[in-house]
Amino acid sequence: MNDQSPASILERQRLAFLRDGPPDLTQRRATLKRLAHAVKASADELAGAICADFGHRSRHETLMAEIFPVLAAVRHARFHLWRWMRPRLVWPGLELAPSRGRIVQQPLGVVGVVSPWNYPAQLALAPLVAALAAGNRVMIKPSELTPRTAETLADMLGGLFSADEVALVQGGPEVGAAFCRLPFDHLLFTGSTPVGRKVLAATADNLTPTTLELGGKSPCVIAPEADLAEAAASIASGKLMNAGQTCIAPDYVLLPAGAQHSFAQHFAETVNKLFPSLLANPDYTSIINDHHYARLAQMIDEARQTGAKVIVLDPAQENPPPQSRKLAPTLIVDPGENLSVMREEIFGPVLPVVGYESFEAALDFVNARPRPLALYYFGREDQNLQKLLTRTHSGGVTVNETLSHFIAENLPFGGVGPSGMGAYHGEAGFRAFSHAKPVLLQSRFNSRILLRPPYGKVSEAILRVLLRG
Ligand code: NAD
């Protein structure tokens, strides 16, 4: 019987990688196609497993936000892979003439992937697509909070790949910590910023190149001239997808002081349209577990106790009980900056709405906080938009909509600073899991011999050219 420890799987994957060499374009395209077929065939099973793991998860949200992005990533990679893999010829420069240079994309070997619970299929499979496109072997450690999804993924991948190609390792934080200490050729971690810190410390010992896809508080900035109704509708639909349990969900809103009431009205109207009821509504997703439900309820209570205006949007007046874990969309108007709802990533359907006195003050507010994963801007004036883009940092930006930049395979996706390091999706993913190896090919006529000792007049003449200003 084979040793099934993660360390031993890694060893076998590494040996298989060295034995078989990198897969060529045809093999990679075929592998990706097989994966896409399996994901499509397992879509309903995955939707069922995710729904059971969450208590309730909208089937449409699963198809839109878990299955579609993976299939889109495969389509994109299969189409562009030949171009990404092609060695790039470069001129090494006059000093090295007449040698030739090229940059070769080489798979790194074995890639480790650690994924979270909030989109448990997509965040395990999208890094897998990128790593396979780049020609690697892959080990995945999914979240322990979505065990049925992890089991379904294990069955699906087990039917497609041998364990020395793709393997799934199950377990909680201890297994995750041990997993990150393995000497992978690259590790991609998706999860919270506090755990990301531990992961980077764990990968430091082996100097494992690490991509961190983390979280944070993603602001929405509404410019003075913006259409408030349009902004509120877009923010509501982005916020309430997966009941706010999205890494790039709008976390809080900054809008011109005095517009809070009007924004709240538009937001409530949108909620009435999107979710006329909550409790038995198949479109409205539950909070993942009691711990996170209690955490969110506490955030709301804390805000209420300090006198912030709390608006609970429960269109059918159902007052969903805690055991349903369906938390009604809740606005918190002008909460104090020290409240947990303004300090911690919310990760639920709770939205603080904060008034600003000037557009510059809104930018200062963003800059006074850790750099977020996403930033949303609503407005039609180019001047304000340019100011926002040049004076604030965030992993990515969508203008006049929420969430959309995540879906564009041609845009790299990742954070900056505390919201992450590195990026993937599309070509960025291929590059994250490849080594861009520079190769210099010396010609028969080798000018370097003119610079070998004993140094004399020729080398001095050449040095004069090399050291020119
Ligand atoms: P988490 O950090 O608690 O867990 C993520 C994964 O890490 C899980 O598989 C877990 O078992 C594992 N883990 C836990 N402790 C570990 C340790 N010490 N060492 C190694 N691995 C460990 O995150 P979560 O609660 O599952 O997910 C929510 C967070 O993820 C939010 O902060 C959200 O913003 C973020 N997120 C980011 C993205 C992104 O693409 N940037 C996407 C989704 C979620």
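What counts, and at which threshold
Residues numbered from 1 in each chain as written. Predicted model: local features only at pLDDT ≥ 70, side-chain atom pairs only at ≥ 80, totals over all residues. Heavy atoms only, no water. Near = heavy atom within 4 Å. Polar contact = N/O pair within 3.5 Å; in protein donor to acceptor, adjacent residues only side chain to side chain. Areas by Shrake-Rupley, 256 points an atom, 1.4 Å probe, with all protein chains shown as cover. Helix = DSSP H or I, 4+ residues; strand = E, 2+ residues; numbered from the N terminus. Buried < 20%, exposed > 50% of the residue type's maximum accessible area, 1.4 Å probe, protein only. Arc of directions from axis to C-beta. Contact = heavy atoms within 4.5 Å. Phe/Tyr/Trp six-rings, centres within 6.5 Å; stacked < 30°, edge-to-face > 60°. Lys NZ or Arg CZ within 6 Å of the ring centre and 35° of its normal. Axes fitted to C-alpha atoms, helices over the stretch in contact; angles between N-to-C directions. Parallel < 35°, antiparallel > 145°, perpendicular 65-115°, else oblique. Left-handed = near helix turned anticlockwise from the far one by under 90°. Nonpolar A, V, L, I, M, F, W, Y, C, P; charged D, E, K, R; others polar. Domains from an automatic or database assignment. Buried area = accessible area lost by both parts, 1.4 Å probe. Salt bridge = Lys/Arg side-chain N within 4 Å of Asp/Glu carboxyl O.

Caption draft 1: Layout of the site of the ligand. The ligand sits among 30 residues. The nearest are Ser115, Lys141, Glu144, Leu214 and Glu345. In the environment of the ligand, an oxygen atom lies 2.8 Å from a nitrogen or oxygen atom belonging to the backbone of Ser115. At 3.5 Å from a nitrogen atom of the ligand is found a main-chain nitrogen or oxygen belonging to Glu213. Taken by itself the ligand offers 850 Å² of open surface, and the protein chains cover 91% of this. Secondary-structure elements contributing two or more residues to the shell around the ligand are α7 (173–180), β6 (186–190) and α8 (193–204). Per element, the largest residue contribution to the shell around the ligand is four residues, and it comes from α7.

Caption draft 2: Region of the structure containing unusual backbone geometry. The omega angle of the peptide bond from Ala97 to Pro98 is 5 degrees, so this bond is cis rather than trans. By secondary structure assignment, the location of Pro98 is in the loop between β1 (88–90) and β2 (100–107). A cis amide bond links Pro453 with the next residue in sequence, Pro454, at an omega value of -5 degrees. Considering the arrangement of structural elements, one finds Pro454 in the loop between β16 (434–441) and α16 (457–466). Phi is positive for Gln317, close to 50 degrees, though the residue is something other than glycine. Within the element layout of this structure, Gln317 appears in the loop between β10 (309–312) and β11 (330–333). For Gln317, a relative accessible area of 67% puts it in the exposed group. Positive phi values are uncommon outside glycine, yet Phe347 reaches one of about 60 degrees. Turning to its location among the elements, Phe347 is positioned in the loop between α12 (340–343) and β12 (350–356). With relative accessibility at 16%, the residue Phe347 sits in the buried group.

Caption draft 3: Quick peek at α7. Where α7 is concerned, the buried positions are Gly176, Phe179 and Cys180. On an axial view of α7, the arc spanned by its buried residues comes to 90 degrees, and they lie on one face. Looking at the buried side of α7, the elements it contacts are β3 (110–114), β4 (137–141), β6 and α8.

Caption draft 4: The packing of aromatic side chains, seen in detail. Taken as a whole and assessed by the stated rule, the structure comprises 10 aromatic pairs. Aromatic pair Tyr356 and Phe359: ring centres 6.4 Å apart, planes at 75 degrees, arrangement edge-to-face. Between Phe359 and Tyr377 the ring centres are 6.2 Å apart and the planes differ by 80 degrees, which places this aromatic pair in the edge-to-face class. Within this pair, whereas Phe359 is found in helix α13 (residues 359–367), its partner Tyr377 is found in strand β13 (residues 374–378), the two being separated by 18 residues in sequence. Grouped by ring-pair contacts, the aromatic residues Phe54, Trp117 and Phe347 constitute a single cluster. Stacked on the ring of Phe161, the Lys or Arg Arg34 has its end atom at 5.4 Å from the ring centre. Over the ring of Phe54 we find Arg57, and its NZ or CZ is 4.8 Å from the ring centre.

Caption draft 5: The packing of helix α9 (residues 228–240) against helix α10 (residues 260–274), seen in detail. It is at 8 Å that the axes of α9 and α10 come closest, and there the two elements cross at 50 degrees. Considering the angle they form, α9 stands oblique to α10. In the crossing of α9 with α10, the sense of the turn from one axis to the other is right-handed. Residues Leu228, Ala229, Ala232, Ala233, Ile235, Ala236, Ser237 and Leu240 of α9 form the contact with α10, whose participating residues are Ser262, Phe263, His266, Phe267, Thr270, Val271 and Leu274. Its residues assigned to classes, the contact of α9 with α10 comprises 11 nonpolar, four polar and no charged.

Caption draft 6: View of the domain arrangement of the protein. In terms of domain boundaries, the protein breaks down into domain 1 (6–214 + 420–436) and domain 2 (218–414). Between domain 1 and domain 2, the residue contacts involve 30 residues of the former and 28 residues of the latter. Each partner contributes to the roughly 2300 Å² buried at the junction of domain 1 and domain 2, and carbon and sulfur atoms together form 56% of this total. Among the residues domain 1 hides against domain 2, the three largest losses belong to His56, Trp117 and His425. Together they make up 25% of the total. For the interface between domain 1 and domain 2, the tally reads zero salt bridges. Elements that contribute at least two residues to the side of domain 1 that touches domain 2 include exactly α3 (43–54), α4 (59–85) and α15 (426–432). When residues in the side of domain 1 that touches domain 2 are grouped by element, the largest group, nine residues, is from α4. Classifying every residue of the side of domain 1 that touches domain 2 gives 14 nonpolar, 11 polar and five charged.

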